[in-house]
Amino acid sequence: MSSLAESDPEVYEIIELERSRQVNGLELIASENVVSKAVLEAVGSIMTNKYAEGYPGKRYYGGCQYHDMVENLARDRLCKLFGAEHANVQAVSGSQANQAVYFAYMKHNDVMMSQDLSQGGHLSHGSPVNITGKWYSVSHYGVDHETEMLDYASIAEQARKIKPKMIVCGASAYPREIDFKAFQEIAEDVGAYCMADIAHIAGLCATGVHNSPVGVVNFTTSTTHKTLRGPRGGIIMCNDEYAADIDRSVFPGMQGGPLMHVIAGKAVCFQEALQPSFTEYAKQVVKNARAMAETLLDEGFDLVSGGTDNHLILLDLTNIGLTGLEAENLLGDAGITVNKNTIPRETRSPFVTSGLRIGTPAVTSRGMKEDEMKQIALFIARVLKDPENTTMTADVKEEVKGLASGFTLYPDEVC
Ligand SMILES: *Cc1c(COP(=O)(O)O)cnc(C)c1O
């Protein structure tokens, strides 16, 4: 019996319920993934027992020799993975990585430009409800009304008018490739810094499946737990000239002691991402998103921007007559986990929305390919086109379970 089951059966039982949800359902949340057993083991290790404030070789506590080793390993592997000059692996989340960059180079009320949350951006890019929106003066850019894609000429024009201190690019719900070089040029033109937040697409950028901003823009931030398939956490990469400012901004500027067990897990993740098999994985993630997009288009769904270049699809449900909230709940009843999402020119609140975000990273990690994506797209179509039919939804749930059972989360797992 596991020690957790023995000492705390209540928590153990909850974890087992969640395991069963993950095993029997289909996770299509674009920002989620399934980490390896090796990452799980590192994150669940005794590295959590130690305080290691500071950086390797300059800690505020004794006994950090092995923590220095693991943090150096994580930094070196991350630099190798992206060809970066400098890496900081201590940010506890993507949001904190972003805050650390802002805090290093902007003062209170300085002007920043970023993609609007309701058009694909992220809370930590200066949303009014986030500390970044309260602390800095924010001017948002959106997507073009016709193409629903970024329009670099209009972003450049806005930058010339606004004269921001920093231009942020990167998104949470944008299905198209982002031109990081164009953003850096726009920033340089107006004397601004450029930060690229690749939280969603880091795994694609690391493998050349999407162009990489590292070495192109001034600062690259990311999470490690989305397409990069590591433990929950944040990272920052930059050239050596910014290294000291960035490190100081993370600690002691923003955070206390680093999560050393997570840094160990990040080191494992970066090594996995350096393997050729991870490049194959990243390519398959995109192929899978395309296959799903094609089937959904065939089924009469509207896709924001008409398709996808990356790991995610944004459905505009207006023509289907459902809200994002209704669609999320209906698919949830069928064992398919997705999230409601605002679409360009959204008319509903963020709690209701007119769109749905669908991502392929997690199901691709389970080994699913194009055929399974087509099957899943047909499940989605059946459920959303006949919302009153609860018998059919229950049938789909059984079929989902059947499909999922052929693709275990972990090789030795018993369902
Ligand atoms: C997910 C995400 C983040 C934040 O990550 P957290 O670890 O949840 O703080 C930041 N930026 C973008 C673009 C994201 O998609």
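Since the structure is predicted, the reported quantities are computational estimates derived from the model, not experimental observations.

Here we come to the packing of helix H13 (residues 324-333) against helix H15 (residues 370-385). Direction vectors running N to C along H13 and H15 enclose 120°, while the axes themselves pass 10 Å from each other. Overall, the two elements H13 and H15 adopt an arrangement that is oblique. As H13 runs across H15, the sense of the crossing is right-handed. Seen from H13, the contacting residues are Ala327, Leu330 and Leu331; seen from H15, they are Ile380, Val383 and Leu384.

Each domain of the protein was delimited in the assignment, giving domain 1 (40-273) and domain 2 (284-405). Across the domain 1/domain 2 interface, buried area totals approximately 1,700 Å², and carbon plus sulfur atoms make up 54% of it. Taken as a group, Glu148, Pro175 and Arg176 account for 37% of the area that domain 1 buries against domain 2, more than any other trio of residues on that side. There are two salt bridges connecting domain 1 and domain 2. For Asp309, the salt bridge is made with Arg176, and the minimal N-O distance between the two is 3.0 Å. Inspection of the region where domain 1 meets domain 2 yields 14 residue pairs in polar contact (both at pLDDT 80 or more).

Turning our eyes to something else, we now look at the layout of surface pockets. Taken as a whole, the largest pocket spans an internal volume of roughly 1,100 Å³. Gln22, Val35, Leu40, Leu409 and Tyr410 are the residues nearest the centre of the largest pocket, which is lined by 32 residues in total. Of all the elements in the fold, those that place two or more residues in the lining of the largest pocket are helix H2 (9-24) and helix H3 (37-43). It is H2 that contributes the most residues to the lining of the largest pocket, seven residues altogether.

Once that is clear, we can look at the sheet that holds strand E11 (residues 302-303). In spatial order, the strands read E11-E12-E15-E14; together these four strands make up an open sheet with antiparallel pairing. Of all the strands in the sheet, just E11 and strand E14 (339-341) have a single pairing partner and so form its edges. Bridging between E14 and strand E15 (residues 355-359) involves three bridges; their strand directions are antiparallel. Paired with Asn341 across the bridge in E15 is Gly355. Set on the sheet, helix H12 (residues 276-298) makes contact with E11, strand E12 (312-316) and E15; between it and E12 the angle comes to about 20°. Against the sheet, H13 touches E14 and E15, its axis set at about 45° to E15.

Relative to the helices and strands, Glu326 resides in helix H13. When the C-alpha positions of Glu326 and Glu53 are compared, they lie 46 Å apart, and in sequence the two are 273 residues distant.

What follows concerns the site of the ligand. Lining the immediate environment of the ligand, one finds 14 residues, of which Gly94, Ser95, Ser172, Asp197 and Lys226 sit closest. For the ligand, whose unbound accessible area comes to 380 Å², protein coverage reaches 85%. Of the residues forming the shell around the ligand, the biggest block, three residues, is contributed by helix H5 (residues 94-105). Split by residue class, the shell around the ligand holds two nonpolar, ten polar and two charged.

Next up on the list: a nonpolar patch on the surface. Residues Leu4, Val11 and Ile15 make up a contiguous nonpolar surface patch of roughly 210 Å² in combined accessible area. Within the secondary structure, Leu4 sits in helix H1 (residues 3-7). Classification of Leu4 as partly exposed rests on a relative accessible area of 32%.

When you tally the buried positions in strand E10 (residues 234-238), you get five out of five residues, the bulk of the element. Side chains of E10 alternate between two faces, with Gly234, Ile236 and Cys238 and Ile235 and Met237 buried alike. Sheet topology note: the strand E4 (residues 86-88)/E10 ladder contains three bridges and is antiparallel. Bridge assignment links Ala87 to a residue of E10, and that residue is Met237. Two strands pair when backbone bridges link them, and strand E9 (residues 219-223) and E10 are joined in this way by five bridges, in the antiparallel orientation. From the neighbouring strand, Thr223 faces E10, where its bridge partner is Gly234.

Okay, H13 next. Within the sequence span of H13, burial applies to Gly324, Ala327, Glu328, Leu330 and Leu331. Along the axis of H13, the buried positions cluster into a sector of 165°, meaning they face one direction only. Buried residues belonging to H13 abut strand E13 (336-337), E14, E15, H15 and helix H16 (390-405). Once H13 ends, the next one or two residues include Gly335, with phi positive near 80°.

How each quantity is defined
Residues numbered from 1 in each chain as written. Predicted model: local features only at pLDDT ≥ 70, side-chain atom pairs only at ≥ 80, totals over all residues. Heavy atoms only, no water. Axes fitted to C-alpha atoms, helices over the stretch in contact; angles between N-to-C directions. Helix = DSSP H or I, 4+ residues; strand = E, 2+ residues; numbered from the N terminus. Parallel < 35°, antiparallel > 145°, perpendicular 65-115°, else oblique. Left-handed = near helix turned anticlockwise from the far one by under 90°. Contact = heavy atoms within 4.5 Å. Domains from an automatic or database assignment. Buried area = accessible area lost by both parts, 1.4 Å probe. Salt bridge = Lys/Arg side-chain N within 4 Å of Asp/Glu carboxyl O. Polar contact = N/O pair within 3.5 Å; in protein donor to acceptor, adjacent residues only side chain to side chain. 1 Å grid on protein atoms, 1.4 Å probe; cavity = no way out; pocket = protein on both sides within 12 Å on 5 of 7 lines; lining within 4 Å. Points joined across faces, edges and corners; volume = space filled by probe spheres on them. Pairing = 2+ DSSP bridges. Near = heavy atom within 4 Å. Areas by Shrake-Rupley, 256 points an atom, 1.4 Å probe, with all protein chains shown as cover. Nonpolar A, V, L, I, M, F, W, Y, C, P; charged D, E, K, R; others polar. Patch = residues over 30% accessible without salt bridge, like charges linked within 9 Å, V, L, I, M, F, W, Y side chains within 5 Å. Buried < 20%, exposed > 50% of the residue type's maximum accessible area, 1.4 Å probe, protein only. Arc of directions from axis to C-beta.

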